[in-house]
Amino acid sequence: MSTAILSINNLAKNYGSIKALNGISFDVPKGCVFGILGPNGSGKTTTLGIILDVLKANSGSFTWFDKPSSPDTRKQIGSLLETPNFYHYLSALDNLRITQAISHRGTPNDIEEVLKTVNLAHRKTSKFSSYSLGMKQRLAIGAALLGNPDVLVFDEPTNGLDPVGIAEIRELIKRLANEGKTIIMASHLLDEVEKVCTHVAILKKGTLVTAGAVNEVMLNEDIAEVGATNAQQLFDALKSFSGSTGIKMEGGNVQLYFPLGTAKLENINSYCFSKGITLNLLTLKRKSLEAKFFELTNN
């Protein structure tokens, strides 16, 4: 039995002569926060549309919980593809009552619990029009939570939000993940995805560039960042440090590159000390998802 919540196999979608998806395949493990990354036009929203049965693929297949998609599997999935059309003159409570009645997801008793989960219980009787953008988006996530689904699918959940709103959604996604939900989210905000996602698939023009655990996708080498008062002297000394695969000057510090798992900071420190150089910075870095993303998609 697979532990994948979602398995996508060779999915392809054309819009006329435009290939929106070009045979992509990946698995979403149970209990992860899975980010589908890519610039505009990369196929993120098309992928979500297909797995939620909004769009039909030209070829390929996908399964939820090891089964073909069906009304039964859909009951276990809450989604937010775009902000629901809430009534501006109604309260959060009344808006969720209407959503629940139309969708038949969960029971009226779920609504109070959902409002607590998205931290809006204290504003449940306030009109939707009085909400900040972040609160409106949290209410939309609340609508997706009706019926207590196992999986949540979000398309650009922080799009258009200010830094406070982005932080609120980020914390909510982390909290939902800690409660055992599997979360699949499409985004182009790489920094935000890096802060919340455990797994990632990177798309470029409808083609899957890479997929896997975030740490595996990001970290394929060790980067030691080293600093001293005389950066040029440090750079010249470290050029002959054995074991490194590359060196460059970055922002006044020296970056030494090593095969994954081989950088030993104490050896770098001892080597520099033997050359009469006192370090004021010595740290092991990992490549940011953003750097990796641009490296992958610009090739």
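Scroll up to find the structure.
Residues numbered from 1 in each chain as written. Predicted model: local features only at pLDDT ≥ 70, side-chain atom pairs only at ≥ 80, totals over all residues. Heavy atoms only, no water.

This paragraph deals with the pairing of strand β9 (residues 199–204). Examined bridge by bridge, strand β3 (residues 33–37) and β9 share four bridges and lie parallel to one another. What sits directly across from I36, in β9, is A201. The antiparallel hairpin formed by β9 and strand β10 (residues 207–213) contains two residues in its connecting segment, where K205 sits at a positive phi of about 50°. (Pairing = 2+ DSSP bridges. Helix = DSSP H or I, 4+ residues; strand = E, 2+ residues; numbered from the N terminus.)

A few words now on the packing of aromatic side chains. One pass over the full model with this rule turns up seven aromatic pairs. An angle of 55° between the planes, with centres 5.9 Å apart, marks the rings of Y87 and Y89 as tilted. The exposure class assigned to Y87 is partly exposed, which follows from its relative accessible area of 39%. A residue is classified by how much of its surface remains accessible, and Y89, at 57% relative accessible area, is exposed. Following the ring pairs from residue to residue traces out a cluster consisting of F86, F128 and Y131. Lying across the ring of F128, K136 places its NZ or CZ 5.3 Å from the centre. (Phe/Tyr/Trp six-rings, centres within 6.5 Å; stacked < 30°, edge-to-face > 60°. Buried < 20%, exposed > 50% of the residue type's maximum accessible area, 1.4 Å probe, protein only. Lys NZ or Arg CZ within 6 Å of the ring centre and 35° of its normal.)

The next thing to look at is the nonpolar core. With 41 residues, the main nonpolar core has L139, I141 and F154 as its most contacted residues. Non-local contacts of L139, meaning those with residues more than four positions away in its chain, are made with F86, A92, L96, L115, L120, F128 and Y131. By size, the runner-up hydrophobic cluster in this structure holds 25 residues, among which are I5, I36, V151 and V153. (Core = buried A, V, L, I, M, F, W, Y, C linked by side-chain atoms within 4.5 Å. Contact = heavy atoms within 4.5 Å.)

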